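# Chains, contacts and geometry: an overview
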Amino acid sequence: MKSVKYRPAQIEIDLSAIRKNIHSLQATLEPQTDIIAVVKANGYGHGDVQVARAALEAGATGLAVALLEEAIKLRESGIAAPILVMGWVAPEFADIANEYGITLTVFQASWLESYYQLSNSTAKLPIHIKLDTGMGRIGIREESELNDFLGKLDQSRINVTGVYTHFATADEEDTDYYEFQVSRFEPLLEIIKQSVKQDLTIHIGNSAVSLRHLNHLYHAVRFGIGMYGLYPSTYLKENRPFDLVPALSLKTQLSHVKRVNPGESISYGTTYKAEKHEWIGTIPIGYGDGIQRRWQNFEVLIDGKRMPLVGRICMDQCMVRLDQAYPIGTEVTFIGQQGKESIYLEEIATHLDTINYEVACLLTDRLPRMYLNEKATE
Ligand code: PMH
């Protein structure tokens, strides 16, 4: 099938917003602090390759993903910048990463032992060591564990190029736990420095840390949610050092418009009944596109005004109560700006009782992505 777009629904990603967010962050960082653009999970649903290119063009110096697959996809699209896989990759696939010039995250002595047995590579494997200072996910936690790891580290086969950690609460007003994590990071880092005597790229900050400048940021920050123009938390939105520009919009059109009588019901389960004569529009997207059932009763923008989604969200369609009759084909904005009104992911996340990260990631591939401003003119 040719890549013709038949459905009147699309996600628009404004790449100039991605570039602008990188530039705004850059302006607040010390000149020597690099930006690693986090493009895992298909660039938080925005499109990994396109976002990565825009970020690099704007001055990011590296990329970070969660999976080896994601890293290989970037390489195969011709991206030559350093790429770090932040998730655990099985040692049997390390040679593949090495062939692609991809850096792996390693933190287990047993991993090193398996790697030495399994690898046929003559080239040193580039790795970053991950320290778990309190996130409780992956990484070396204790000094004894670190010493065991470093004892097994054969620097003729492994090239340690970086060290990092990740914070659990950097987006919250209270910085006690963040500071506790920093206090665990520093002594472990010193031990690594004594044993790995070469230049290390040390990076601890996510968007929240880089926006807040909570601490010395070392050599780079891993900039994810902020790059997409979204705030890591309400606290950071209220205390932002500069305005972020959201990159993603979701637009579709009315596919049907009808007048219903008082008492008539809409959608599965008849959860909505018209109270009077009402104009009801049908919209051709649904939970199969990532508009989950919990969007029911939330709003969309039509004719520059907010109108409520009524009745259950179906797999491919949902319904909206209109303030008047509109022609089929009238634009419906789920995410983004229309006229003077706008609905952004933060507000949607609040309605859905989740976070903007999740709402963006859940928009499925069934929605075609369109890229605006691919070439920088700013
Ligand atoms: N570094 C690591 C290790 C991460 O897991 C993430 C985001 C980032 C940096 C970027 O964070 P930011 O988007 O807040 O800037 N990881 C996740 C996650 O696993 N769940 O939500 C965000």
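Residues numbered from 1 in each chain as written. Predicted model: local features only at pLDDT ≥ 70, side-chain atom pairs only at ≥ 80, totals over all residues. Heavy atoms only, no water.

## Details of the pattern of salt bridges
Tallied over the entire structure, the rule returns 16 salt bridges. As a salt-bridge pair, Lys305 and Asp303 come within 3.1 Å of each other at their nearest N and O atoms. We classify Lys305 as partly exposed; its relative accessible area is 30%. (Salt bridge = Lys/Arg side-chain N within 4 Å of Asp/Glu carboxyl O. Buried < 20%, exposed > 50% of the residue type's maximum accessible area, 1.4 Å probe, protein only.)

## Concerning the layout of surface pockets
Take a probe with the size of a water molecule and roll it over the atoms, and the empty space left behind shows itself. When its volume is computed, the largest pocket comes out at roughly 600 Å³. Taken together, 29 residues line the largest pocket, and the ones lying closest to its centre are Lys40, Arg137, His166, Asn206 and Tyr357. When residues of the lining of the largest pocket are traced back to their parent elements, those giving at least two are helix 2 (40–44), helix 9 (207–212) and helix 12 (356–362). Per-element tally for the lining of the largest pocket: the top contributor is helix 2, with 3 residues. A per-class count over the lining of the largest pocket returns 17 nonpolar, 6 polar and 6 charged. Empty space within the second largest pocket amounts to approximately 240 Å³. (1 Å grid on protein atoms, 1.4 Å probe; cavity = no way out; pocket = protein on both sides within 12 Å on 5 of 7 lines; lining within 4 Å. Points joined across faces, edges and corners; volume = space filled by probe spheres on them. Helix = DSSP H or I, 4+ residues; strand = E, 2+ residues; numbered from the N terminus. Nonpolar A, V, L, I, M, F, W, Y, C, P; charged D, E, K, R; others polar.)

## Quick notes on unusual backbone geometry
Among all residues except glycine, the phi angle is most often negative; among peptide bonds, the trans geometry is most common. Despite not being glycine, Asn297 shows a phi value in the positive range, around 75 degrees. Assignment of secondary structure puts Asn297 in the loop between strand 14 (278–283) and strand 15 (299–302). What makes Asn297 exposed here is its relative accessible area of 55%. Phi at Asn373 is positive, roughly 55 degrees, even though this residue is not glycine. With respect to the helices, strands and loops of the structure, Asn373 is situated in the segment after strand 20 (369–372). Asn373 gets classed as partly exposed once you look at its relative accessible area, which sits at 41%.

## Notes on the environment of His128
By the secondary structure assignment, His128 is in strand 6 (residues 125–130). Taking relative accessible area as the criterion, His128 reaches 8% and is therefore assigned buried. Residues His128 and Met86, spaced 42 residues apart in sequence, show a C-alpha to C-alpha distance of 8.8 Å. In terms of polar contacts, His128 uses its side chain to reach the side chain of His203, at 3.0 Å. (Polar contact = N/O pair within 3.5 Å; in protein donor to acceptor, adjacent residues only side chain to side chain.)

## A look at the nonpolar core
With 121 residues, the main nonpolar core has Met227, Ile283, Trp295 and Phe334 as its most contacted residues. Looking at this core, you find at least three residues from each of domain 1 (16–230) and domain 2 (248–343). The next biggest cluster of nonpolar side chains, apart from the first, holds 7 residues, and it includes Val260, Ile266, Tyr272 and Met319. (Core = buried A, V, L, I, M, F, W, Y, C linked by side-chain atoms within 4.5 Å. Domains from an automatic or database assignment.)

## Quick look at helix 3 (residues 48–58)
The complete set of buried residues in helix 3 reads Asp48, Val49, Val51, Ala52, Ala54, Ala55 and Ala58. Looking at the packing, one finds that the buried side of helix 3 touches helix 1 (15–28), strand 2 (34–38), helix 2, strand 3 (62–65) and helix 4 (68–76). Phi turns positive, to about 120 degrees, at Gly59, one or two residues after helix 3. (Contact = heavy atoms within 4.5 Å.)

## Overview of the site of the ligand
The local shell around the ligand consists of Val38, Lys40, Tyr44, Met86, Arg137, His166, Asn206, Ser207, Arg222, Gly224, Ile225 and Tyr357. Taking Ser207, its side chain carries an N or O atom lying 2.5 Å from an oxygen atom of the ligand. Protein contacts shield 82% of the accessible area of the ligand, which totals 480 Å² for the unbound molecule. Its residues placed into classes, the shell around the ligand shows 5 nonpolar, 4 polar and 3 charged. (Near = heavy atom within 4 Å. Areas by Shrake-Rupley, 256 points an atom, 1.4 Å probe, with all protein chains shown as cover.)

## Side note on the pairing of strand 3
Side chains Gly62 and Ala64 of strand 3 all project onto a buried face; the interleaved residues Leu63 and Val65 project onto the opposite face, where all are buried too. As paired strands, strand 2 and strand 3 are joined by 3 bridges and run parallel to one another. Note that in strand 3 the partner of Ile36 across the bridge is Gly62. Relative to strand 4 (residues 83–85), strand 3 runs parallel, the two sharing 3 bridges. Residue pairing in the sheet places Ala64 in a bridge with Leu84 of strand 4. Handedness of the strand 3-helix 4-strand 4 crossover: right-handed. (Pairing = 2+ DSSP bridges. Right-handed = clockwise from strand over helix to strand, strands pointing away.)

## A closer look at the packing of aromatic side chains
Taken as a whole and judged by the stated rule, the model has 9 aromatic pairs. Between Phe167 and Tyr178 the ring centres are 4.5 Å apart and the planes differ by 50 degrees, which places this aromatic pair in the tilted class. One end of the pair, Phe167, is in the loop between strand 7 (158–164) and helix 8 (176–195); the other, Tyr178, is in helix 8, with 11 residues separating them in the sequence. Here Phe167 matches Tyr178 in class, with each residue buried. Ring centres 5.4 Å apart and planes at 40 degrees place the aromatic pair Tyr177 and Phe180 in the tilted group. Separated by 3 residues within a single helix, Tyr177 and Phe180 lie in helix 8, roughly one turn from each other. Feature note: the residues Tyr44, Tyr228 and Tyr357 constitute an aromatic cluster, connected by ring pairs. (Phe/Tyr/Trp six-rings, centres within 6.5 Å; stacked < 30°, edge-to-face > 60°.)

## Things to note about the UniProt feature "modified residue: N6-(pyridoxal phosphate)lysine" (unreviewed entry) in the protein
Here, UniProt's "modified residue: N6-(pyridoxal phosphate)lysine" (unreviewed entry) annotation points to Lys40. Relative to the helices and strands, Lys40 is located in helix 2. Owing to a relative accessible area of 27%, Lys40 belongs among the partly exposed residues under this scheme. Look past the residues within four positions of Lys40 in its chain and what remains in contact with it is Ala64, Val65, Ala66, Glu70 and Met86. (UniProt positions renumbered as here; feature names shortened; annotations may be inferred.)

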